[in-house]
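These are the residues of each chain, in order.
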Amino acid sequence: MSHDGLNIEAIRAQFPLLHQEVNGAPLVYLDSAATTQKPQCVIDAVTEYYTGYNSNVHRGAHSLADKATIAFEGARQKVSAFINSPKPEQVLWTRGTTEAINLVAHSWGNHNIAAGDIILVSELEHHANIVPWQILAEQKGAKVVPIPLTEQGDIDQNAFTALLTSDVKLLALSHVSNALGSVNPVKQMVAAAKAKGITTLLDGAQAVAHFKVDVQALGCDFYVFSGHKLFAPTGVGVLWGKEALLNSMPPYQGGGEMIDTVSFEGTTFNGLPFKFEAGTPHIEGVIGLGAAIDFLNSLDNEAVAQHEADLMDYIIKKAANFDGLKRIGEAKYQVGAFSFLLEGTHPSDVGMLLDQQGIAVRTGHHCAQPLMSRFNIPGTVRASLSIYNTRDDIDRLFAGLEKAKLFLL
Ligand code: PMP
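A brief structural summary.

Criteria and thresholds
Residues numbered from 1 in each chain as written. Predicted model: local features only at pLDDT ≥ 70, side-chain atom pairs only at ≥ 80, totals over all residues. Heavy atoms only, no water. Core = buried A, V, L, I, M, F, W, Y, C linked by side-chain atoms within 4.5 Å. Buried < 20%, exposed > 50% of the residue type's maximum accessible area, 1.4 Å probe, protein only. Helix = DSSP H or I, 4+ residues; strand = E, 2+ residues; numbered from the N terminus. Contact = heavy atoms within 4.5 Å. Near = heavy atom within 4 Å. Polar contact = N/O pair within 3.5 Å; in protein donor to acceptor, adjacent residues only side chain to side chain. Areas by Shrake-Rupley, 256 points an atom, 1.4 Å probe, with all protein chains shown as cover. Pairing = 2+ DSSP bridges. Axes fitted to C-alpha atoms, helices over the stretch in contact; angles between N-to-C directions. Parallel < 35°, antiparallel > 145°, perpendicular 65-115°, else oblique. Left-handed = near helix turned anticlockwise from the far one by under 90°. Nonpolar A, V, L, I, M, F, W, Y, C, P; charged D, E, K, R; others polar. Phe/Tyr/Trp six-rings, centres within 6.5 Å; stacked < 30°, edge-to-face > 60°.

### Remarks on the nonpolar core
Part 1 of the reasoning: By size, the foremost hydrophobic cluster in this structure holds 80 residues, and its most contacted members are W93 and Y223.
Part 2 of the reasoning: If you tally residues by element for this core, the top one is helix α10 (residues 283-297), at nine residues.
Part 3 of the reasoning: Excluding residues that lie within four positions of it along the chain, W93 makes contacts with F72, A75, R76, V79, V236, G237, V238, E277, V286 and L289.
Part 4 of the reasoning: Counting residues in hydrophobic clusters, the runner-up holds 26 residues, among them A100, W108, L170 and M249.

Here it is in structure tokens:
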């Protein structure tokens, strides 16, 4: 049992990868913000698809194809319920968060962003929520403007209010920062933007695995996330959008599945969600994502959130008492990621010495170079937490840091 009543051993038992030695020590996996490990039920769902009913979806005239289609569309319904989408058709499969944002930039952006327009982001965005907008802005003569952060790593709300001018056409924000773990007050920021008629996109890559996301309550126009950060396979993700908006958008890619009729005189397009899903999709990934949602639904949400909050408190307290450790980002609400530096050391050296002790963290700029510039640092060491981590993992991290210090200083 963990300190908060969650049967953590039973959860850990479902993740085969965790039970191994790395470099001669039991693995401590503290890199779930990069990608989460997969529970056995997800691995089994993928294996069952390939061993039992591998077929292409939608077009098949045989039983296996029907079975694959039912599993594939069933996963869409599961994701839809998981994020409280009004309809499953509003859940579009993509390769991940990155492709989902690029889809919006190409399809919505090309038709709605013009010269002089502003796309408002924040200083803590992942490159995936900066670069597609920069490419679009360059093509259109528009501008990407960052909302500054406070010293603590929260989005400066006064600056946000001041930047919310009539030139802003899109507000694109991370729900949770991948580098700092800051939970941004996106609901109130979306409401402020919507009151001015601004379209809103939330990058939920680091949010969906940590707390309940309700797209209707958030009030955003688009919500995007990746399956692999949610215990599902890589290569599958979600673009959720408001129905009227998605209906108004042109296709992103052309090909099979997204059409209604094709002739050399002209082509008509399929309806939602298929209009945006050209070609054979990542069937195993989608089925695996459905199994990941089943897995999450089998857990007590409250107990999981409590467990993760306990781990974050524990790491923060231990860090405060660790000589020479400088915490980067002290947002009001923090989930998942904890970033820091060890005085007099380089993050990559610390990461390497932890790895030698079987402790997996991430080091570097975390695809958030503007954020690193904001704090005048080249990068951080990031320990990131998930449901399968324990206080023991955190004790091992700090013991590992003590050893790294002895070696480096
Ligand atoms: N946004 C955030 C906040 C992320 O953490 C990540 C992944 N690190 C991405 C976007 C990009 O996700 P993916 O690589 O799965 O497309």
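### Structural notes on the site of the ligand
Part 1 of the reasoning: Near the ligand you find T97, T98, H126, A128, N178, D203, A205, Q206, S226, H228 and K229, and these make up its full shell.
Part 2 of the reasoning: Taking Q206, its side chain carries an N or O atom lying 2.7 Å from an oxygen atom of the ligand.
Part 3 of the reasoning: For the ligand, whose unbound accessible area comes to 400 Å², protein coverage reaches 84%.

### Overview of the sheet that holds strand β16 (residues 362-364)
Part 1 of the reasoning: Reading across the sheet, the four strands line up as β13-β14-β17-β16 and stay open at both edges, with antiparallel pairing between neighbours. Edge positions in the open sheet fall to β13 (325-328) and β16, since each of these has one partner strand only. Across the sheet, the axes of successive neighbouring strands diverge by a mean angle of 30°, strand direction being ignored.
Part 2 of the reasoning: Relative to strand β14 (residues 337-342), β13 runs antiparallel, the two being bridged by four bridges. Across the sheet, the residue bridging to L325 is L342, located in β14.
Part 3 of the reasoning: Against the sheet, helix α11 (residues 301-320) engages β13, β14 and β17 (380-384), with an angle of about 10° to β14.

### Brief notes about the sheet that holds strand β5 (residues 118-122)
Part 1 of the reasoning: Within the open sheet, the seven strands sit side by side as β4-β10-β9-β8-β7-β5-β6. Their pairing is mixed. On the outer flanks of this sheet lie β4 (91-94) and β6 (143-147), each paired with one strand and no other. Between one strand axis and the next, the sheet turns through 20° on average, direction left out of account.
Part 2 of the reasoning: Both β5 and strand β7 (residues 168-174) contribute to a ladder of three bridges, which runs parallel. Residue pairing for β7: L120 is matched across the bridge by L171.
Part 3 of the reasoning: Of the strands in this sheet, β4, β7, β8 (199-203), β9 (222-226) and β10 (237-241) are in contact with helix α4 (residues 97-112), which crosses β9 at around 150°.
Part 4 of the reasoning: Contacts from helix α7 (residues 186-194) reach β6, β7 and β8, with the element oriented near 160° to β8.

### Here we look at the packing of α4 against helix α5 (residues 131-140)
Part 1 of the reasoning: Look at α4 against α5: their axes get within 9 Å of each other, and the N-to-C directions meet at 20°. Classed by the angle they form, the pair α4 and α5 counts as roughly parallel. Here α4 runs over α5; the crossing is right-handed. Contact residues: α4 offers I101, N102, V104, A105, G109 and N110, while α5 offers P132, W133, L136, Q139 and K140.
Part 2 of the reasoning: A per-class count over the contact of α4 with α5 returns six nonpolar, four polar and one charged.

### Some words on the packing of aromatic side chains
Part 1 of the reasoning: Applying the stated rule across the entire model yields 11 aromatic pairs.
Part 2 of the reasoning: Their ring planes at 65° and their centres at 4.7 Å tell us that F15 and Y388 sit as a pair that is edge-to-face. Taken together, the residues span a long stretch of sequence, with F15 in the loop between α1 (8-13) and β1 (21-22) and Y388 in the loop between β17 and α14 (391-408) at a distance of 373 residues.
Part 3 of the reasoning: Aromatic side chains Y49 and Y53 sit 5.3 Å apart centroid to centroid with 80° between the ring planes, which places their arrangement in the edge-to-face category.

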